[in-house]
Amino acid sequence: MRPKLVAGNWKMQGSLAENQGLLAAVRAGAADLTAQIAICVPFPYLAQARAVLEGSTVAWGAQDVSEHEQGAYTGEVSATMLKDFGCRFVIVGHSERRAMYGDSDIVVAAKFAAALKAGLMPILCVGESLAEREANVTGDVVTRQLDAVIALCGAASVAGAVVAYEPVWAIGTGRTATPAQAQEVHALIRARLGADTTRAQQLQILYGGSVKPGNAGELFGQSDIDGGLIGGASLVAQDFLAICTAAQ
Ligand code: 13P
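Residues numbered from 1 in each chain as written. Predicted model: local features only at pLDDT ≥ 70, side-chain atom pairs only at ≥ 80, totals over all residues. Heavy atoms only, no water.

## A closer look at the packing of helix 5 (residues 105-117) against helix 7 (residues 138-153)
Taken N-terminus to C-terminus, the directions of helix 5 and helix 7 make an angle of 50°; their axes are 9 Å apart at the nearest point. Judged by the angle between their axes, helix 5 and helix 7 are oblique. Viewed along their axes, helix 5 and helix 7 form a crossing whose handedness is right-handed. Note on element contacts: helix 7 touches helix 5 through Arg144, Gln145, Ala148, Val149, Leu152 and Cys153, opposite Asp105, Ala109, Ala110, Phe112 and Ala113. Residues that form the contact of helix 5 with helix 7 fall into these classes: eight nonpolar, one polar and two charged. (Axes fitted to C-alpha atoms, helices over the stretch in contact; angles between N-to-C directions. Helix = DSSP H or I, 4+ residues; strand = E, 2+ residues; numbered from the N terminus. Parallel < 35°, antiparallel > 145°, perpendicular 65-115°, else oblique. Left-handed = near helix turned anticlockwise from the far one by under 90°. Contact = heavy atoms within 4.5 Å. Nonpolar A, V, L, I, M, F, W, Y, C, P; charged D, E, K, R; others polar.)

## Looking at helix 2 (residues 46-53)
Here helix 2 has its buried residues at Leu46, Gln48, Ala49, Val52 and Leu53. In a view along the axis of helix 2, the buried residues occupy a sector of 160°, so they form one face of it. Where helix 2 is buried, its residues contact helix 1 (16-30), strand 3 (58-62) and helix 3 (79-84). Positive phi shows up at glycine 55, right after helix 2, with a value of about 85°. (Buried < 20%, exposed > 50% of the residue type's maximum accessible area, 1.4 Å probe, protein only. Arc of directions from axis to C-beta.)

## Topic: the pairing of strand 2 (residues 36-40)
Of all five residues that make up strand 2, four are buried, and the element is covered over most of its length. As paired strands, strand 1 (residues 5-9) and strand 2 are joined by five bridges and run parallel to one another. Opposite asparagine 9, over in strand 2, you have cysteine 40 as the bridge partner. Assessed by its sense of winding, the connection that carries the chain from strand 1 through helix 1 to strand 2 is right-handed. As judged from the four bridges shared by strand 2 and strand 3, these two strands associate in the parallel manner. Residue pairing in the sheet places isoleucine 37 in a bridge with valine 58 of strand 3. Crossover connection from strand 2 via helix 2 to parallel strand 3: handedness right-handed. (Pairing = 2+ DSSP bridges. Right-handed = clockwise from strand over helix to strand, strands pointing away.)

In structure tokens, the structure reads:
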């Protein structure tokens, strides 16, 4: 049985003052839970996340990483820098980065490779837009996004990481994919990897997109849904912990 993982993605939100209480509450609430829990914070708050979460069951990570190891890349943050701050996870290929910051499939694959090389666990996001779903090309889009990473890093590397299926139309909209819709794409992702590696059954595939305490249990009950990547609800300790509880 695959362990469940619930990861929070704070996006560009928080402040030193606000984070303190939220991190402490998650740390305390997580102590009794069996699901793996992680929080991906903005870069400047990594030191704070480490200070509050170190020695607890909650891991921390970042929301993006440079594809380069080091050098003249103003504004970028390398994977080894993230390791320096004790990160275990890093999100790569979030749809907001693909849509707003030009992260192509090739760049996402390079970021995934950089994360792996530094010993980080990438959370690779894939997912279709509303127009793509309505045009019935969800499978093609998700397969293309996955294949770019498989081509660079190999299927076994992807199967050893974490994939998050996040339909763009469900992110921050309050409109969740139905458990059946999500399960269908999760099964497709696992099957795609299964064509190339025997490790596909071990891959943790998270669902993301308007996961709330009220819908988490049904989503996580699907056979290929191994937890969630949580945006808005990860900013409220009680909601995030309720979602983590649903992943037991
Ligand atoms: P919401 O949970 O706010 O819809 O965000 C999902 C997401 O993008 C997580 O990465």
